[in-house]
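Breakdown of the fold
The lines below spell out each chain.
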Amino acid sequence: MAETENGTVEETEENTGKAGPGGAVRDAPGVRRLRWASMAPFFLTGFVFASYFVQIPVWKTGFGLSEGALGLLLIVPILTGLVAMQATGSLVARFGSAPVVRVAALALPLSLVAFVPPSSADSVLGFVVVLAVFGAADGLIDVSMNAHAIAVEKETGRHIMNSCHAAWSIGSAVGSLLGGAAIKAGLTLTAHYAAVGAAMVALALVAGRHLLPARTDRVGKVAAGDAKKRDTGTATRAGVLSGWSTRLLLLGLTGTVVLVCSGVVGNWGGVYLHEKLGATLATASLAYIAYSACEAGGRLVGDRLHARFGARALVNRGGAIAVVGLTVVVLAPGPVIAVVGFALFGLGLSVLVPVIFSSVGHGGDDLDAGSAAHALAKVNTMTYSGLLIGPVLVGWFAGAFGLRTTLAGLLVLLVVTLAAGLRKV
């Protein structure tokens, strides 16, 4: 039963146990299992990537790499990830999101296990090969798990995207803590990654059994073939351009700026507190801690807020809180107030990307992208690129104009982008 605006109660499929359009059971236990199964790949991805990141200094020392050489190597998974994202839309269209998620959820932790122990420059080639596979697996799971979450929302009539992205944040935090503990305990890279791989493969196998049937969002070989042509660039120029509607482009740009902001907090928040506001190194770490804690908290309640207020109202309020938070950061006279600003910033931004992804996925057919998966692949590529490139650009501007001035410029960019993009949600 569901309560309407005038206080009456109406019957819904979710409460009566009826099946959704694709045949999935909507009884309460089934919906809960489906929700948790959909969150599992997000948790897994966050956990695996955190485990990957904490060992990067070990690789640098073990291989004897310079900062420049390490930076070049770490571009490899970025490039293969972007390429894989372009192909994932066609794979989901042909096979359905659930089978692709199952394969990618196994490939990602298994590729982590395949990383060779750093010993000498002779083993760098094997390291590069595994980096390439690891990045491709990430691109595959990134698009497919979001496409599956969209399919679940359509089948059940319930919002789960915020919860899924909260699971990623929690997985990242847990993976970072356990990775640090593993290094402190003296575990070798092989032992650490073997433990992570075993746990995450087990999670993938259990969760995979409860994902949606493949037929739910499979669109068939013909559509997939057409999409593949579009993805591989063999379609006409007009066909490629038709895949980018104004709404899709604005939503993608908005998501990109939001993730640029997220990346900037992680890379420059502590530097800002320490060098510009005189915070100790311990206090400076609170910038990202406050931001990420509030981001995860906001996402945990985001689905309920989405259902209660609707997408447009939620992102408008979230955007307003984010703007206030970044304004506080820019104008803060000291580190304590700035930390409060970073917390508000994380809280406000927390719901924006999940709701944008949800809007893109549900509007896939209306966005001239061919399908939800293809629309998500396009937006994922934009946001993923922004998350990686944004902090670098901020560093360049900070060197030229100062970090506080650069953050003020980012604030202006955020306001303009949100004003234009959130109208399309």
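Residues numbered from 1 in each chain as written. Predicted model: local features only at pLDDT ≥ 70, side-chain atom pairs only at ≥ 80, totals over all residues. Heavy atoms only, no water.

Turn by turn, an α-helix covers 3.6 residues, leaving residues three or four places apart pointing in a common direction. Taking 1.5 Å per residue as the helical rise, helix α5 (residues 97–113) with its 17 residues ought to reach 24 Å, and the 25 Å between its terminal C-alpha atoms agrees with that figure. Within α5 the residues assigned to the buried category are S97, A98, V100, V101, A104, A105, L108, P109, S111 and L112. Within α5, the buried residues cover an arc of 165 degrees as seen down the axis, which keeps them to one side. (Helix = DSSP H or I, 4+ residues; strand = E, 2+ residues; numbered from the N terminus. Expected span 1.5 Å × (residues − 1). Buried < 20%, exposed > 50% of the residue type's maximum accessible area, 1.4 Å probe, protein only. Arc of directions from axis to C-beta.)

Attention now goes to the side chain of T383. Inspection of the secondary structure assignment puts T383 in helix α17 (residues 372–401). Only 3.1 Å separates the side chain of T383 from the backbone oxygen of N380, close enough to count as a polar contact. In this view, T383 contacts G252, G255, T256, L259 and F357; residues no more than four positions away in its chain are not counted. (Polar contact = N/O pair within 3.5 Å; in protein donor to acceptor, adjacent residues only side chain to side chain. Contact = heavy atoms within 4.5 Å.)

Next up on the list: helix α6 (residues 124–156). Under the 1.5 Å per step criterion, the end-to-end length of α6 is 47 Å for 33 residues, consistent within 8% with the ideal 48 Å. Among the 33 residues in α6, 25 count as buried, and that is most of the element. Note on α6: the residue one or two positions beyond its end, G157, has a positive phi of about 75 degrees.

A separate point is the side chain of S262. You can see S262 is positioned in helix α11 (residues 246–276). Apart from the residues lying within four places of it in its own chain, the contact partners of S262 are Y291 and E295.

So, on to the pattern of salt bridges. Considering all chains together, one arrives at one salt bridge under this definition. Across the salt bridge formed by R299 and E295, the nearest N and O atoms sit 3.6 Å from each other. Taken together, the positions of R299 and E295, both in helix α13 (residues 286–309) and four residues apart, correspond to about one turn of that helix. Comparing R299 with E295 shows no difference in burial state: the two are buried. (Salt bridge = Lys/Arg side-chain N within 4 Å of Asp/Glu carboxyl O.)

So, on to the packing of aromatic side chains. Within this structure, the stated rule accounts for 18 aromatic pairs. Measuring from centroid to centroid gives 6.1 Å for Y52 and F115, while their planes differ by 25 degrees, and the two rings are stacked. Note that Y52 is positioned in helix α2 (residues 28–54) and F115 in the loop between α5 and α6, a separation of 63 residues in sequence. Note on Y52: relative accessible area 3%, which makes it buried. (Phe/Tyr/Trp six-rings, centres within 6.5 Å; stacked < 30°, edge-to-face > 60°.)

What follows deals with a nonpolar patch on the surface. A surface patch of nonpolar side chains, amounting to about 780 Å² of accessible area, comprises L387, L388, I389, V392, L393, W396, F397 and F401. Here L393 shows up in helix α17. (Patch = residues over 30% accessible without salt bridge, like charges linked within 9 Å, V, L, I, M, F, W, Y side chains within 5 Å. Areas by Shrake-Rupley, 256 points an atom, 1.4 Å probe, with all protein chains shown as cover.)

What follows concerns the confidence of the model for the chain. Of all residues in the chain, 85% have pLDDT values of 70 or greater, and the mean over the chain is 83. Ranking the elements of the chain by mean pLDDT puts strand β2 (residues 9–10) last, at 36, and α5 first, at 96. Counting interchain partners and residues more than four positions distant, the pLDDT-below-50 stretch residues 1–25 has 43 contacts. Here residues 222–241 is modelled with pLDDT under 50, and outside its nearest four sequence neighbours on either side it reaches 18 contacts, counting other chains as well. (pLDDT = per-residue confidence, 0-100.)

By size, the foremost hydrophobic cluster in this structure holds 104 residues, and its most contacted members are Y52, W59, F115, L273 and F345. Looking at this core element by element, the count peaks at 14 residues for α6. Each residue touching W59, except ones within four places of it in the same chain, is listed here: Y52, G64, L65, F115, V116, P118, F127, L189 and Y193. Counting residues in hydrophobic clusters, the runner-up holds five residues, among them M85, V143, A377 and Y384. (Core = buried A, V, L, I, M, F, W, Y, C linked by side-chain atoms within 4.5 Å.)

Turning our eyes to something else, we now look at the environment of T405. Position of T405 relative to the elements: it lies in helix α18 (residues 403–421). Sequence-wise, T405 and V330 are 75 residues apart; in three dimensions their C-alpha atoms are separated by 8.1 Å.

One way to put it is that α13 packs onto helix α14 (residues 311–331) with a least axis distance of 7 Å and a crossing angle of 125 degrees. Viewed along their axes, α13 and α14 adopt a mutual orientation that is oblique. Between α13 and α14, the contacting residues are G302, L305, H306 and F309 on the first element and A311, A313, L314 and R317 on the second. (Axes fitted to C-alpha atoms, helices over the stretch in contact; angles between N-to-C directions. Parallel < 35°, antiparallel > 145°, perpendicular 65-115°, else oblique.)

Our next topic: the packing of α6 against α17. Contact geometry for α6 and α17: axes closest at 9 Å, N-to-C directions at 130 degrees. Taken together, the axis directions place α6 and α17 in an arrangement best described as oblique. The hand of the α6/α17 crossing is right-handed. Of the residues in α17, those touching α6 at D138, D142, V143, N146, A147, I150 and K154 are A372, A373, L376, A377, N380 and Y384. (Left-handed = near helix turned anticlockwise from the far one by under 90°.)

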